Amino acid sequence: APWDQSSVYEPIRLHLDTEFLVLAEKDYGAEVAYLRNDLLPSVKRIWESVLRVYPVRNNIIISSSNCPVSGSFQNTTGIPQADVVIFIAANIRSICGVATEPFVAATSCQYDMYDRPTVGRATVCLEDFDATSSNSVSSLYKLLVHGFAHILGFSHRDYQYYFDPTTG
(Lines give C-alpha, C1' and ligand atoms only; values in the text may rest on other atoms or scores of the structure.)
Protein backbone atom coordinates (compact mmCIF):
# COMPACT_ATOMS: atom_id res chain seq x y z
CA ALA A 1 0.00 0.00 0.00
CA PRO A 2 1.26 3.52 -0.68
CA TRP A 3 1.02 4.46 2.98
CA ASP A 4 3.53 1.81 4.12
CA GLN A 5 6.29 3.06 6.39
CA SER A 6 8.74 3.06 3.46
CA SER A 7 6.52 5.30 1.30
CA VAL A 8 7.32 8.99 1.12
CA TYR A 9 5.22 11.91 -0.06
CA GLU A 10 6.68 13.61 -3.12
CA PRO A 11 5.59 16.60 -5.22
CA ILE A 12 2.82 15.58 -7.58
CA ARG A 13 3.92 15.01 -11.18
CA LEU A 14 1.38 16.27 -13.70
CA HIS A 15 1.56 15.24 -17.34
CA LEU A 16 -0.35 17.65 -19.57
CA ASP A 17 -1.38 16.26 -22.95
CA THR A 18 -2.19 19.17 -25.26
CA GLU A 19 -2.57 17.22 -28.52
CA PHE A 20 -6.29 18.02 -28.72
CA LEU A 21 -5.49 21.76 -28.79
CA VAL A 22 -4.37 21.31 -32.40
CA LEU A 23 -8.05 21.20 -33.36
CA ALA A 24 -8.53 24.80 -32.18
CA GLU A 25 -5.30 26.25 -33.57
CA LYS A 26 -6.76 27.19 -36.97
CA ASP A 27 -9.27 29.62 -35.50
CA TYR A 28 -7.51 30.45 -32.20
CA GLY A 29 -3.80 30.19 -32.94
CA ALA A 30 -2.59 33.01 -30.68
CA GLU A 31 -4.90 31.99 -27.83
CA VAL A 32 -3.88 28.32 -28.05
CA ALA A 33 -0.20 29.28 -28.14
CA TYR A 34 -0.60 31.44 -25.03
CA LEU A 35 -2.54 28.67 -23.28
CA ARG A 36 0.02 26.01 -24.20
CA ASN A 37 3.19 28.07 -23.61
CA ASP A 38 2.26 30.31 -20.68
CA LEU A 39 -0.94 29.54 -18.78
CA LEU A 40 -0.78 25.73 -18.62
CA PRO A 41 2.88 25.59 -17.48
CA SER A 42 2.09 28.19 -14.78
CA VAL A 43 -0.89 26.22 -13.50
CA LYS A 44 1.14 23.01 -13.58
CA ARG A 45 3.93 24.66 -11.54
CA ILE A 46 1.45 25.88 -8.92
CA TRP A 47 -0.03 22.43 -8.30
CA GLU A 48 3.36 20.69 -8.40
CA SER A 49 4.69 23.11 -5.81
CA VAL A 50 1.83 22.79 -3.31
CA LEU A 51 0.57 19.20 -3.58
CA ARG A 52 2.49 16.19 -2.33
CA VAL A 53 1.37 12.60 -2.96
CA TYR A 54 2.51 9.02 -2.75
CA PRO A 55 3.94 8.72 -6.27
CA VAL A 56 2.50 6.37 -8.86
CA ARG A 57 5.18 3.72 -9.41
CA ASN A 58 4.10 2.32 -12.80
CA ASN A 59 3.08 3.91 -16.07
CA ILE A 60 -0.48 5.24 -16.12
CA ILE A 61 -2.35 3.18 -18.71
CA ILE A 62 -5.41 5.06 -19.88
CA SER A 63 -8.76 3.41 -20.48
CA SER A 64 -10.13 4.92 -23.68
CA SER A 65 -13.64 3.88 -22.64
CA ASN A 66 -13.57 6.51 -19.86
CA CYS A 67 -11.05 9.12 -20.97
CA PRO A 68 -9.81 10.73 -24.17
CA VAL A 69 -6.69 9.21 -25.69
CA SER A 70 -4.49 11.10 -28.14
CA GLY A 71 -2.13 8.22 -28.97
CA SER A 72 -2.40 4.42 -29.01
CA PHE A 73 0.62 4.04 -26.69
CA GLN A 74 -1.43 5.64 -23.91
CA ASN A 75 -3.68 2.62 -23.50
CA THR A 76 -0.89 0.07 -24.02
CA THR A 77 2.47 1.35 -22.73
CA GLY A 78 1.02 4.22 -20.75
CA ILE A 79 2.46 7.48 -19.48
CA PRO A 80 5.65 7.16 -17.36
CA GLN A 81 6.83 9.42 -14.54
CA ALA A 82 3.39 10.89 -13.79
CA ASP A 83 0.88 10.83 -10.96
CA VAL A 84 -1.92 12.43 -12.96
CA VAL A 85 -2.42 12.78 -16.72
CA ILE A 86 -4.57 15.70 -17.87
CA PHE A 87 -5.89 15.99 -21.42
CA ILE A 88 -6.47 19.57 -22.51
CA ALA A 89 -8.90 20.49 -25.30
CA ALA A 90 -10.38 23.77 -26.44
CA ASN A 91 -13.70 24.95 -27.79
CA ILE A 92 -15.60 21.65 -27.76
CA ARG A 93 -18.96 22.78 -29.14
CA SER A 94 -21.10 20.73 -26.74
CA ILE A 95 -19.36 22.39 -23.77
CA CYS A 96 -18.47 25.84 -25.08
CA GLY A 97 -21.43 26.45 -27.35
CA VAL A 98 -23.27 28.55 -24.76
CA ALA A 99 -20.24 30.09 -23.03
CA THR A 100 -20.18 33.87 -23.30
CA GLU A 101 -16.86 34.33 -21.52
CA PRO A 102 -13.73 32.24 -20.90
CA PHE A 103 -14.77 29.02 -19.21
CA VAL A 104 -13.11 25.76 -18.12
CA ALA A 105 -14.91 22.44 -17.68
CA ALA A 106 -12.75 19.86 -15.91
CA THR A 107 -13.24 16.46 -14.32
CA SER A 108 -11.37 13.30 -13.46
CA CYS A 109 -12.15 10.26 -15.59
CA GLN A 110 -9.95 7.46 -14.25
CA TYR A 111 -8.88 6.35 -10.78
CA ASP A 112 -6.35 3.95 -9.33
CA MET A 113 -7.04 1.05 -6.96
CA TYR A 114 -7.16 3.50 -4.05
CA ASP A 115 -9.80 5.70 -5.77
CA ARG A 116 -7.22 8.41 -6.41
CA PRO A 117 -7.70 10.32 -9.68
CA THR A 118 -4.98 9.44 -12.19
CA VAL A 119 -6.47 10.85 -15.42
CA GLY A 120 -8.58 13.90 -16.11
CA ARG A 121 -9.74 16.17 -18.89
CA ALA A 122 -10.14 19.91 -19.14
CA THR A 123 -11.92 21.80 -21.88
CA VAL A 124 -11.04 25.46 -22.22
CA CYS A 125 -13.49 27.79 -23.97
CA LEU A 126 -11.46 30.44 -25.76
CA GLU A 127 -14.22 32.31 -27.60
CA ASP A 128 -13.82 35.51 -25.57
CA PHE A 129 -10.27 34.98 -24.27
CA ASP A 130 -7.87 37.83 -25.06
CA ALA A 131 -4.21 37.01 -24.40
CA THR A 132 -3.36 40.73 -24.52
CA SER A 133 -5.75 41.60 -21.69
CA SER A 134 -4.40 41.13 -18.16
CA ASN A 135 -7.97 40.74 -16.84
CA SER A 136 -8.73 38.01 -19.37
CA VAL A 137 -5.44 36.21 -18.66
CA SER A 138 -5.97 36.44 -14.89
CA SER A 139 -9.53 35.14 -15.19
CA LEU A 140 -8.56 32.14 -17.33
CA TYR A 141 -5.59 31.38 -15.06
CA LYS A 142 -7.90 31.25 -12.01
CA LEU A 143 -10.40 29.10 -13.92
CA LEU A 144 -7.64 26.65 -14.86
CA VAL A 145 -6.33 26.40 -11.29
CA HIS A 146 -9.91 25.76 -10.13
CA GLY A 147 -10.53 23.22 -12.90
CA PHE A 148 -7.35 21.32 -12.10
CA ALA A 149 -8.52 21.13 -8.48
CA HIS A 150 -11.60 19.23 -9.67
CA ILE A 151 -9.41 16.82 -11.65
CA LEU A 152 -7.15 16.28 -8.63
CA GLY A 153 -10.05 15.14 -6.45
CA PHE A 154 -11.32 18.36 -4.92
CA SER A 155 -14.86 17.72 -6.07
CA HIS A 156 -18.08 16.71 -4.35
CA ARG A 157 -18.10 13.61 -6.56
CA ASP A 158 -14.77 12.44 -5.14
CA TYR A 159 -15.25 13.19 -1.44
CA GLN A 160 -16.86 9.80 -0.87
CA TYR A 161 -13.49 8.20 -1.67
CA TYR A 162 -11.55 10.11 0.99
CA PHE A 163 -10.48 7.84 3.83
CA ASP A 164 -8.06 7.67 6.70
CA PRO A 165 -5.24 5.24 5.79
CA THR A 166 -4.82 4.12 9.40
CA THR A 167 -8.47 3.13 9.83
CA GLY A 168 -9.53 2.44 6.23
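Anyway, here's the lowdown on the structure attached to this text. All values reported here derive from a predicted model rather than from experimental measurement.

Section: helix α3 (residues 134–151)
- Over its 18 residues, α3 extends 26 Å from the first C-alpha to the last, a length consistent with the 26 Å expected when each residue adds 1.5 Å.
- What α3 keeps buried is the set Ser 136, Val 137, Leu 140, Leu 144, Gly 147, Phe 148, Ala 149 and Ile 151.
- The secondary structure elements touched by the buried residues of α3 are β2 (14–17), α1 (22–50), β4 (84–90), β5 (103–111) and β6 (117–125).
- Just downstream of α3, Gly 153 is the residue with a positive phi angle, here 110°.

Side note on a nonpolar patch on the surface
- Taken together, Ile 92, Ile 95 and Phe 103 make up a surface patch of nonpolar side chains, about 220 Å² in accessible area.
- Here Ile 92 is to be found in the loop between β4 and α2 (93–96).
- Since its relative accessible area comes to 33%, Ile 92 is described here as partly exposed.

A look at the sheet that holds β2
- Sheet architecture is open: four strands sit in the order β2-β4-β6-β5, paired in mixed fashion. The open sheet has two edge strands, β2 and β5, and neither has a second partner. On average, adjacent strands in this sheet sit at an angle of 20° to one another, irrespective of strand direction.
- Relative to β6, β4 is paired through six bridges, and the arrangement is parallel. Opposite Ile 88, over in β6, you have Ala 122 as the bridge partner.
- Running over the sheet, α1 touches β2, β4 and β6 and is turned about 180° from β2.

Remarks on the state of the cysteines
- By the definition in use, this model includes two disulfides.
- Disulfide pairing places Cys 67 opposite Cys 109 at an S-S distance of 2.1 Å. Between Cys 67 and Cys 109 the sulfur-sulfur dihedral comes to about 125°; the bridge is accordingly right-handed. With Cys 67 in the loop between β3 (52–53) and β4 and Cys 109 in strand β5, this pair connects stretches of sequence that are 42 residues apart.
- Across a sulfur-sulfur distance of 2.0 Å, Cys 96 and Cys 125 are joined as a disulfide pair. Residues Cys 96 and Cys 125 are joined by a disulfide whose S-S torsion is about -80°; by sign, that bridge is left-handed.

Focus: the pairing of β5
- Across eight bridges, the pairing between β5 and β6 is antiparallel. Looking at the pairing, Tyr 111 lines up with Pro 117 of β6.
- Here β5 folds back onto β6 in antiparallel fashion, the turn holding five residues, of which Asp 115 has a positive phi close to 65°.

What counts, and where the lines are drawn
Residues numbered from 1 in each chain as written. Predicted model: local features only at pLDDT ≥ 70, side-chain atom pairs only at ≥ 80, totals over all residues. Heavy atoms only, no water. Helix = DSSP H or I, 4+ residues; strand = E, 2+ residues; numbered from the N terminus. Expected span 1.5 Å × (residues − 1). Buried < 20%, exposed > 50% of the residue type's maximum accessible area, 1.4 Å probe, protein only. Contact = heavy atoms within 4.5 Å. Patch = residues over 30% accessible without salt bridge, like charges linked within 9 Å, V, L, I, M, F, W, Y side chains within 5 Å. Areas by Shrake-Rupley, 256 points an atom, 1.4 Å probe, with all protein chains shown as cover. Salt bridge = Lys/Arg side-chain N within 4 Å of Asp/Glu carboxyl O. Pairing = 2+ DSSP bridges. Axes fitted to C-alpha atoms, helices over the stretch in contact; angles between N-to-C directions. Disulfide = S-S within 2.5 Å.

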